[in-house]
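Listed here are the chains, written in short residue letters.
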Amino acid sequence: MEREYLFSVLIIAAVIVIGTVSVVLFNSWQTPANSIPPTLYTYRITQTYPHDTAAFTEGLVFDNGSLYESTGGYGTSFRHANLENGTVQQEFLLPNHYYGEGLTVVNGSLVQLTWQNKIGFVYDKETFGLLGNFSYATEGWGLTYNGRDLIMSDGSSNLYFLDPTTYQKVGEVSVHDGNMPVTNINELEYVKGDIYANIWLQQKIAIINSQTGMVKGWIDLTGLYQSTDPNAVLNGIAYDQKTDRLFITGKDWPNLYQITITPKT
């Protein structure tokens, strides 16, 4: 009887120990020892430029003094616009069954995603002539280029890295703020080694570690522009590497803003 009692006690003790170790390991995985809370940033407008209120911005990129924009919608365009006065200098209209999305520059080419067609297009940057196309398995939302890989979002918490020559997936990261996945990742821009990302329907931009997917910071853009149109959301990030200028706009916004960011105190 004593042996049976002792055996029962040992089993209970073992279960308790295993449970305790499991909880410790789970918590260790959930909250890494080296995790750092993201820095919160505010903004200051340094320059305001006109923006076409008919431009439903899906992709925005600044390259060598020129602003390129994918304007969303079926059969609509991507265009080359004058930064100073907002006038359209060159435009390409997609066929009516394609919905234009993310846009980026890769050397002498423009690369554009479509929303649900699962096809992307490559154009000559100067002539807008079609050079080719490629396919992908998900929806297409945002697109940027880090000098080595294309980086694509699809509205989930994932970012996909594509070879800029073959357009095959070569990597993937899941974006997270601490232990929480960050979903609805939309327009992207590569800035000083990090990925800046619009979050659909939110007035803030995530600053993402491109290697780990960890959110390093949040830029709170509350009050930058307010509209009664629920579709006129923040969406559009462009960066001028030569002069370190950051540009922000949104869907059908009347302005494009050059901003600087500083940590909140």
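Refer to the structure above for everything that follows.
The shown structure was predicted, so the numbers you read here are calculated from the model rather than taken from an experiment. (Residues numbered from 1 in each chain as written. Predicted model: local features only at pLDDT ≥ 70, side-chain atom pairs only at ≥ 80, totals over all residues. Heavy atoms only, no water.)

**Re the overall build of the chain**
Note the threshold: Every helix listed is a DSSP run of H or I at least four residues long, and every strand listed is a run of E at least two residues long, numbered separately from the N terminus. Throughout this description, buried means an accessible area under 20% of the type-specific maximum (1.4 Å probe, protein chains only), exposed means over 50%, and partly exposed covers the range between. What makes two residues a contact is simply this: any of their non-hydrogen atoms within 4.5 Å.
The number of helices and strands found in the chain is one helix and 22 strands. The buried share among the 265 residues of the chain stands at 47%. At a minimum sequence separation of 6, the contacts of the chain that also span at least 24 residues come to 49%.

**Let's talk about empty space enclosed by the protein**
Which entries qualify depends on this criterion: Here a cavity means grid points, on a 1 Å grid over the protein atoms only, where a 1.4 Å probe fits yet cannot get out; a pocket means an open set of points with protein on both sides within 12 Å along at least five of seven lines; lining residues are those with an atom within 4 Å of a point. Grid points are joined across faces, edges and corners, and a volume is the space filled by probe spheres set on the points. Under this grouping Gly is polar, as are all residues other than the nonpolar Ala, Val, Leu, Ile, Met, Phe, Trp, Tyr, Cys and Pro and the charged Asp, Glu, Lys and Arg.
Enumeration according to the criterion identifies one cavity of 30 Å³ or more in this entry. Of the pockets and cavities examined, the largest cavity occupies roughly 80 Å³. Surrounding the largest cavity, 13 residues form its lining, Pro50, His51, Leu67, Ala81 and Gly86 being those nearest its centre. Elements supplying a minimum of two residues to the lining of the largest cavity: β1 (39-50), β3 (66-70) and β4 (77-81). Here the lining of the largest cavity is built from residues that sort into seven nonpolar, three polar and three charged.

**Let's talk about the side chain of Ser109**
Residue position: Ser109 is located in strand β7 (residues 109-114). The exposure class assigned to Ser109 is buried, which follows from its relative accessible area of 17%. Leaving out residues up to four positions away in the same chain, Ser109 has contacts with Thr104, Val122, Tyr123, Lys125 and Leu131.

**Quick notes on the environment of His80**
Heads up, the rule is: Polar contact is the term for a pair of N or O atoms within 3.5 Å; when the atoms are in protein, one must be able to donate a hydrogen and the other to accept it, and sequence-neighboring residues count only if both atoms are side-chain atoms.
Looking at where His80 falls in the secondary structure, it is placed in strand β4. As a C-alpha pair, His80 and Phe128 span 48 residues in sequence and 9.6 Å in three-dimensional space. Once you skip the residues sitting within four places of it in the chain, His80 turns out to touch Ser66, Leu67, Tyr68, Thr87, Val88, Gln89, Gln90 and Phe128. At 3.1 Å, the side chain of His80 forms a polar contact with the side chain of Ser66.

**Side note on the pairing of strand β2 (residues 59-63)**
Applicable threshold: Two strands are said to pair when DSSP picks up at least two bridges between them.
Taking burial as the measure, the five residues of β2 include four buried ones, the bulk of the element. Here β2 hands over to β3 after two residues, with Asn64 in that stretch at a positive phi of 50 degrees.

**A look at the nonpolar core**
Definition in use: Take the buried Ala, Val, Leu, Ile, Met, Phe, Trp, Tyr and Cys residues and link them wherever side-chain atoms come within 4.5 Å; each set so joined is a nonpolar core.
Core analysis: the largest hydrophobic core is formed by 18 residues, its most contacted members being Tyr196, Ile205, Leu221 and Ile248. Broken down by secondary-structure element, the contributors of at least two residues to this core are β1, β18 (204-209), β20 (234-240), β21 (245-250) and β22 (255-263). Apart from the residues lying within four places of it in its own chain, the contact partners of Leu221 are Tyr43, Gln203, Lys204, Ile205, Leu234, Ile248 and Ile259.

**Description of the packing of aromatic side chains**
We describe a pair of aromatic rings using the distance from one ring centre to the other and the angle between the two ring planes. As a reminder, the rule being used: Any Phe, Tyr or Trp ring, taking Trp's six-membered ring, that has another such ring centre within 6.5 Å forms a pair; planes under 30 degrees apart are called stacked, those over 60 apart edge-to-face, and the others tilted. Charge-over-ring placement is defined geometrically: NZ (Lys) or CZ (Arg) within 6 Å of the ring centre, and within 35 degrees of the ring normal.
Per the stated rule, a full pass over the model turns up 15 aromatic pairs. Ring centres of Tyr98 and Phe121 lie 5.0 Å apart, and the angle between their planes is 80 degrees; on these two criteria the pair is classed as edge-to-face. Of this pair, Tyr98 sits in the loop between β5 (88-93) and β6 (100-106) while Phe121 is found in strand β8 (residues 119-124), placing the two residues 23 residues apart along the sequence. Look at Phe121 and you get buried, because its relative accessible area is 9%. An aromatic cluster is present here, built from Phe78, Phe92, Tyr98, Phe121, Tyr123 and Phe128 joined pairwise through their rings. Above the face of the Trp218 ring, Lys204 is positioned so that its terminal group lies 4.3 Å from the ring centre.

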